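# An overview of the molecular structure
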Amino acid sequence: MSDFIRTEHLSFSYDDGEGATPIPALSDVNVTIQKGEYVAVLGHNGSGKSTFAKLLNLILLPTEGKLFIDGTEVGPEGVAVPPELEEDATFAIRKRIGMVFQNPDNQLVATMVEEDVAFGPENLGIPQAEIRVRVDEALAAVGMEAYKETAPHRLSGGQKQRVAVAGVIAMKPDCIVFDESTAMLDPSGRREVVLTMEKLNREEGITILHITHYMEEAAKADRVIVINDGSILLDGTPAEVFQPRGGAAPRGA
Amino acid sequence: MRDVTLGQYFHASSLLHRLDPRIKILSAILLIVGLFSATSLWCYAFLTALVLLLAAISGIPLRMILKSVRPLCFVLVFTSLIAAFMTKGDGDPFFSFLLFSRLRIEMYPEGLIRAALLSLRILLLVIATGLFLTYTTTPTSLTDALERLLHPLTYLKIPVYDFAMMMTIALRFVPTLMEETDRIMCAQKARGADFSSGSLFRRIRALVPIIIPLFVSSFRRAVELATAMECRCYRGGAGRTRLRTMRCRPADWLFLAVAAVCLAAVFVGNAYLPEPSFMRGVL
């Protein structure tokens, strides 16, 4: 296995414009995630876990430190390539790391399930015949093939979220980041989404990063990272992290 | 969940439903041109027959078509009155009198015929566009078809693709925002808001606490959606491929050809068919 995501002294603070003191969200995070891992990132509100997700997808750029995605270096200035290649490099990373967000309603674009799943591949300029294949495969992978031609607003929360996952899978990413994707769902919807994650990890070998604040969901992962106040507090297997007196080595605290 | 159907799309699998939406838009335009250029009574008869034929093959229940015409009543009455009273004829008027000893009110037979033909024209126009577009074509494929028809405008640097994307997103979010409006109204009612009593002004004012949260949440949604789209590698229309492409089958071309022939027939009819004597000076 190889390092897929590696951060070196990664820090980020939100800058509220002129004069305001920047609000630190992440400070000095060093973490390595291997290809094919199933990692849960735990933390309470405002701990910086969502910021971490946004950095991985270059929605935000680090204020300090570096981030390596499969060897590609990302620093405060963006991807470390000549400026004219910057956009392509950014898209290359976004293609490899898919994102599923919290609110299922705010990430579906099209008026029909299969067209929404096709949105990503269409953006990548993939030939039509291949898009067709990918859309069918992706919908089958999340068990939504029966809803191909349904309008998104007729689906339940869990179903919408699975469609969003299919939209990411159709882009054939190496890694999918779930940014609190279960937070707005009812228990059965949450179960649907978590089962989908497990399946994708075991069967397709996709690296899964599940950002959540549900302990029972985190316990299903192979590895749990606990973020508190912008830095990593615990990092280990669920058994280690959830031990009463901290079987996992506390870091940085 | 509330069942929201946008427009009046009626699901069926008639010839009209299966027709390529671009052909439908073009045919509708041809028919509209025909309706507006018809000056002969024969042409009106021909176009009426054509629209009735379309209605028959569309499989749309007559009840539904009539329902869509109902809101037109006011327009029809208004145009009929104007046409009936404002048209001057050559012969004797039906009646003629002075209103307030100043305004002459008179009605000629030509006025009545003209009013009838104008009403017929408006009715056919609405029914025909409904049959071609709103009843038999989903809003999604209509947007797609418009985008493709207007594609040549991209050479004039008009961002047709972006407009189509906006339309699609708007269509996608109408049900979502309606649900949200419902939710906000319930929340406000639960806190004692009253939307259904008081003067009109009071009732309009009562809507403010609904509209403001709705706007705030729409902006939040827009930001989130933009992020999600960026994450899915969206960067405008350039270099995009499509899951669905529209392909005109021979039957589609045939339909368009028939529509063009019908339009030509209207022009020929205008020019060469003899008019009944009572039509002189009407149109």
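Residues numbered from 1 in each chain as written. Chains lettered and ligands numbered in written order. Predicted model: local features only at pLDDT ≥ 70, side-chain atom pairs only at ≥ 80, totals over all residues. Heavy atoms only, no water.

## Quick word on the pattern of salt bridges
Residues and elements named next belong to chain A. What counts here: For this analysis, a salt bridge means a side-chain nitrogen from Lys or Arg found within 4 Å of a carboxyl oxygen belonging to Asp or Glu. By the criteria applied, helices consist of DSSP H or I runs no shorter than four residues and strands consist of E runs no shorter than two, each listed in order from the N terminus. Throughout this description, buried means an accessible area under 20% of the type-specific maximum (1.4 Å probe, protein chains only), exposed means over 50%, and partly exposed covers the range between.
Taken as a whole and judged by the stated rule, the model has 31 salt bridges over all chains. For the salt bridge of Arg96 with Asp174, the shortest nitrogen-to-oxygen distance reads 2.6 Å. Highlighted residues: Arg96 in helix α2 (residues 86-96) and Asp174 in the loop between α5 (157-169) and β8 (175-179), separated in sequence by 78 residues. The shortest N-O distance in the salt bridge between Glu130 and Arg134 comes to 3.0 Å. Pair noted here: Glu130 and Arg134 are both in helix α4 (residues 128-141), with a separation of 4 residues, about one helical turn. For Glu130, a relative accessible area of 35% gives the class partly exposed.

## Focus on the sheet that holds strand β2 (residues 23-34) of chain A
Residue and element names in this part refer to chain A. The line we're drawing: Strands qualify as paired when DSSP identifies two bridges or more between them.
The antiparallel open sheet is built from 5 strands, whose spatial order is β2-β1-β4-β5-β6. Each edge of the open sheet is held by one strand with a lone partner, namely β2 and β6 (78-79). In terms of strand pairing, strand β4 (residues 64-69) meets strand β5 (residues 72-75) through 3 bridges, oriented antiparallel. Within the sheet, the bridge partner assigned to Phe68 lies in β5 and is Glu73.

## Here we look at the side chain of Thr143(B)
Residue and element names in this part refer to chain B. Let me state the cut-off plainly: In this analysis, two residues are considered to be in contact whenever any of their non-hydrogen atoms come within 4.5 Å of each other.
Inspection of the secondary structure assignment puts Thr143 in helix α7 (residues 139-149). Residue Thr143 is classed as buried on the basis of its relative accessible area, which comes to 6%. Excluding anything up to four places from it in sequence, Thr143 contacts Ala164, Met167, Thr168 and Leu171.

## Quick look at the packing of aromatic side chains
Put simply, the rule is: Stacked, tilted and edge-to-face are the three classes applied to pairs of Phe, Tyr and Trp rings, where Trp contributes its six-membered ring and a pair requires centres within 6.5 Å; stacked means planes under 30 degrees apart, edge-to-face means over 60, and tilted covers the rest. For a Lys NZ or an Arg CZ to count as sitting over a ring, it must be within 6 Å of the ring centre and within 35 degrees of the ring normal.
Following the criterion strictly, the structure yields 5 aromatic pairs over all chains and no others. Ring centres of Phe12(A) and Tyr14(A) lie 4.9 Å apart, and the angle between their planes is 80°; on these two criteria the pair is classed as edge-to-face. Aromatic side chains Phe132(B) and Phe255(B) sit 6.1 Å apart centroid to centroid with 85° between the ring planes, which places their arrangement in the edge-to-face category. Of this pair, Phe132(B) sits in helix α6 (residues 109-134) while Phe255(B) is found in helix α11 (residues 250-272), placing the two residues 123 residues apart along the sequence. In this structure Phe132(B) comes out as buried when scored by relative accessible area, which is 3%. It is Arg94(A) that lies over the ring of Phe91(A); its NZ or CZ is 5.8 Å from the centre.

## A few points about the sheet that holds strand β3 (residues 38-42) of chain A
All names here are of chain A. Selection rule: Orientation is described by axes fitted as lines to C-alpha atoms, over the contacting stretch for helices, and by angles from 0 to 180 degrees between their N-to-C directions.
Across the sheet, 6 strands lie side by side as β7-β8-β9-β3-β10-β11; this open sheet has mixed pairing. Strands with a single pairing partner mark the edges of an open sheet, and in this sheet they are β7 (97-100) and β11 (231-236). Ignoring strand direction, the axes of neighbouring strands in this sheet form an average angle of 20°. Here β3 runs beside strand β10 (residues 223-228); their pairing, made up of 4 bridges, is parallel. Within β10, the position partnered with Val41 by the bridge is Ile225. Lying on the sheet, α2 is in contact with β7 and β8; it crosses β7 at an angle near 65°.

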